[in-house]
Amino acid sequence: MARNIEIKARIAGIEALLPAVLAVATEGPREIRQDDSFFRCANGRLKLRDFGDGRGELIFYQRADQAGPKTSHYVITPTADPAGLRSALRQAWGETGRVRKRRTLVLAGRTRIHLDEVEGLGAFLELEVVLADGEAAETGEREAHDLMRQLGIAPADLVEGAYVDLLVSAAAGPAGGG
């Protein structure tokens with residue numbers, strides 16, 4: 001299974017951070033619209049990503065819900081019928097959430113930098129340091145920390161969980177609220 005080291009951080013806005021991101025870029029930026037549907041899955045997360053142009057990806061992944069760099073194990077399978085697959089998965093497993101976002105993708109060497117505007121949540125930065133087979137996670141974690149420093153991302157900006165979790169929490173409102 002492929003692996004990467006990921007971090008997610010809340011940011012004030014994409015336009016404010018974009019110049020710093022472009023300063024470390026080796027490729028990009030590229031704008032991508034993504035509509036992610038999540039399905040019940042007992043041993044990780046299963047999502048269908050629809051790009052809105054007839055292409056999509058079924059993505060299974062496992063990672064800890066913690067702030068800071070974490071290892072993610074994943075499998076990506078392309079599909080030419082995301083709408084049909086979404087319908088089948090919804091009927092078979094049940095949809096647990098949906099995340100719509102506009103992503104600005106930039107590459108910095110082997111690291112994918114995502115500047116995401118997430119519907120209902122706001123702006124975020126994600127770093128995904130792609131690991132080679134057998135490579136120690138600590139190497140990718142060091143790279144993630146270095147990029148965080150270069151981009152001015154403070155540990156207090158880091159968030160736990162996936163966007164779908166944040167949307168569920170936002171919909172539930174403050175703890176103890178009706």
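As a starting point, this report considers the structure included with it. Remember, predicted model here, so these are calculated numbers, not experimental data.

1. Examining helix H1 (residues 14–24)
Step number 1: Those residues of H1 that sit buried are Ile14, Leu17, Leu18, Val21 and Val24. Each buried residue of H1 lies within a common arc of 125 degrees when the element is viewed along its axis, so the set occupies one face. Residues of H1 that are exposed and point more than 90 degrees away from the buried face comprise Glu15, Ala16, Pro19 and Ala23.

2. Things to note about the environment of asparagine 4
Step number 1: Tracing the chain through its elements places asparagine 4 in strand S1 (residues 2–10).
Step number 2: Owing to a relative accessible area of 1%, asparagine 4 belongs among the buried residues under this scheme.
Step number 3: A C-alpha to C-alpha distance of 9.9 Å links asparagine 4 and arginine 112, two positions 108 residues apart in sequence.
Step number 4: Once you skip the residues sitting within four places of it in the chain, asparagine 4 turns out to touch Lys70, Thr71, Ser72, Tyr74, Arg112, Glu128, Val129, Val130 and Leu131.

3. As for the pairing of strand S6 (residues 95–108)
Step number 1: Pairing geometry for strand S2 (residues 27–39) and S6, over 11 bridges, is antiparallel. Each bridged residue has a counterpart across the sheet, and for phenylalanine 39 the counterpart in S6 is glutamate 95.
Step number 2: Relative to strand S7 (residues 111–118), S6 runs antiparallel, the two sharing 8 bridges. Residue arginine 103 lies in a different strand from S7, and its bridge partner there is aspartate 116.

4. Quick word on unusual backbone geometry
Step number 1: Here the amide bond leading from glycine 28 into proline 29 is cis, since omega sits at 15 degrees, within 30 degrees of zero.
Step number 2: With respect to the secondary-structure elements, proline 29 resides in strand S2.

5. A short note on the packing of aromatic side chains
Step number 1: Counted under the stated rule, the structure contains 1 aromatic pair.
Step number 2: Above the face of the tyrosine 163 ring, lysine 8 is positioned so that its terminal group lies 3.9 Å from the ring centre.
Step number 3: Against the face of phenylalanine 51 rests arginine 55, its NZ or CZ located 4.6 Å from the ring centre.

6. Quick look at the packing of H1 against helix H3 (residues 137–151)
Step number 1: Remark: H1 packs on H3, axes separated minimally by 9 Å, with the N-to-C direction vectors making an angle of 130 degrees. Between H1 and H3, the angle falls in the class oblique. In this structure, H1 meets H3 at a crossing whose hand is right-handed. From H1, Leu17, Ala20, Val21 and Val24 reach across to H3, where they touch Leu147, Gln150 and Leu151.
Step number 2: Looking at side-chain class alone, the contact of H1 with H3 contains 6 nonpolar, 1 polar and no charged residues.

Rules used in this analysis
- Residues numbered from 1 in each chain as written.
- Predicted model: local features only at pLDDT ≥ 70, side-chain atom pairs only at ≥ 80, totals over all residues.
- Heavy atoms only, no water.
- Buried < 20%, exposed > 50% of the residue type's maximum accessible area, 1.4 Å probe, protein only.
- Helix = DSSP H or I, 4+ residues; strand = E, 2+ residues; numbered from the N terminus.
- Arc of directions from axis to C-beta.
- Contact = heavy atoms within 4.5 Å.
- Pairing = 2+ DSSP bridges.
- Phe/Tyr/Trp six-rings, centres within 6.5 Å; stacked < 30°, edge-to-face > 60°.
- Lys NZ or Arg CZ within 6 Å of the ring centre and 35° of its normal.
- Axes fitted to C-alpha atoms, helices over the stretch in contact; angles between N-to-C directions.
- Parallel < 35°, antiparallel > 145°, perpendicular 65-115°, else oblique.
- Left-handed = near helix turned anticlockwise from the far one by under 90°.
- Nonpolar A, V, L, I, M, F, W, Y, C, P; charged D, E, K, R; others polar.

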